[in-house]
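# Structural characterization, general
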Amino acid sequence: MSGDDDARWRERHRHAVRAHAEADARERAAEQAEAAELVARFAAEARRRGLPTDRLTATGHDGRGRYRTRLTGWYVDRAHSRAVDTEGRFYLLTVPPSLRSRLLGAEPRPTAPPLVVGRGGRDGESVSLATLLSRRLEAGDDWR
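Computed from a predicted model, the values in this text were never measured in an experiment.

Calculation notes
Residues numbered from 1 in each chain as written. Predicted model: local features only at pLDDT ≥ 70, side-chain atom pairs only at ≥ 80, totals over all residues. Heavy atoms only, no water. Helix = DSSP H or I, 4+ residues; strand = E, 2+ residues; numbered from the N terminus. Rg over C-alpha atoms; globule rule 2.2 N^0.38 Å. Contact = heavy atoms within 4.5 Å. Areas by Shrake-Rupley, 256 points an atom, 1.4 Å probe, with all protein chains shown as cover. Buried < 20%, exposed > 50% of the residue type's maximum accessible area, 1.4 Å probe, protein only. Pairing = 2+ DSSP bridges. Axes fitted to C-alpha atoms, helices over the stretch in contact; angles between N-to-C directions. Parallel < 35°, antiparallel > 145°, perpendicular 65-115°, else oblique. Nonpolar A, V, L, I, M, F, W, Y, C, P; charged D, E, K, R; others polar. Core = buried A, V, L, I, M, F, W, Y, C linked by side-chain atoms within 4.5 Å.

## Some details on the overall build of the protein
The helix and strand inventory of the protein stands at three helices and seven strands. From first element to last, N terminus to C terminus, the protein shows the α and β order α-β-β-β-β-β-α-β-β-α. In summary, the protein has a C-alpha radius of gyration of 21 Å against a globular reference of 15 Å for 144 residues, an excess of more than 25%. A separation of at least 24 residues holds for 48% of the contacts in the protein among residues at least 6 apart in sequence. When the accessible surface of the protein is split by element, carbon and sulfur atoms take 50% of a total near 9500 Å².

What follows is the structure, given as structure tokens:
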């Protein structure tokens, strides 16, 4: 290959990589918007049905210890590791362990909900977000 051919190939390759990354980013944004809408609808329906809320707690990243939070909402999995607050925001309820959090409470941040919960996890169990939220609504007061 001549120097010009090499440069053209590198430029085409850079362009293809950039186009692929942009397409991935658009797809992720669309999925996040769809998932956020599912979560917002879940919160509205849970309020409409009068599902009791819980004062949410978080677990340390190390899996030990529970930490109080100021959040109120609904756990959407039996492990109490994912929740939706009354404002319709999705949370992964794991936090870095700390004495400050132990004493004053943890402050988990809302996160973009995935369309498929558990995708890529070590246990191989995944479920669509729509199914997870639907199960929670159907369980009503029997969730606890």
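That covers the picture; the talk isn't over yet.
## A look at the environment of Asp-141
Secondary-structure assignment places Asp-141 in the segment after helix 3 (129-139). Residue Asp-141 is classed as exposed on the basis of its relative accessible area, which comes to 55%. The spatial distance from the C-alpha of Asp-141 to the C-alpha of Pro-52 is 7.1 Å, given a sequence separation of 89 residues. Once residues within four sequence positions are removed from consideration, Asp-141 is found in contact with Leu-51 and Pro-52.

## What to know about the sheet that holds strand 2 (residues 66-75)
Taken together, the five strands give an open sheet; going across it, the order is 4-3-2-1-5, and neighbouring strands pair in mixed fashion. With partners counted over all chains shown, the strands left at the sheet margins are strand 4 (90-92) and strand 5 (94-95), one partner each. Here strand 3 (residues 82-85) pairs with strand 4 via three bridges, running antiparallel. Opposite Arg-82, over in strand 4, you have Leu-92 as the bridge partner.

## Quick word on the packing of helix 1 (residues 3-49) against helix 3
Orientation of helix 1 relative to helix 3, taken along the N-to-C sense of each, is 5 degrees, at an axis distance of 10 Å. Compared by their axis directions, helix 1 and helix 3 come out roughly parallel. Listed contacts from helix 3 to Ala-35, Leu-38, Val-39, Phe-42, Glu-45, Ala-46 and Arg-49 of helix 1 are Leu-129, Ala-130, Leu-133, Arg-136, Leu-137 and Glu-138. The residue makeup of the contact of helix 1 with helix 3, split by class, is nine nonpolar, no polar and four charged.

## Observations concerning the nonpolar core
Among the nonpolar cores identified, the biggest contains 18 residues, and Phe-42, Val-76, Val-84, Leu-129 and Leu-133 are the most heavily contacted of them. Secondary-structure elements contributing two or more residues to this core are helix 1 and helix 3. Per-element accounting of this core gives the leading share, six residues, to helix 1. What Leu-129 contacts, discounting residues up to four positions off in sequence, is Ala-35, Leu-38, Val-39, Phe-90, Pro-113, Pro-114, Leu-115, Val-116 and Val-117. With ten residues, the next largest nonpolar core counts Tyr-67, Ala-83, Tyr-91 and Leu-93 among its residues.

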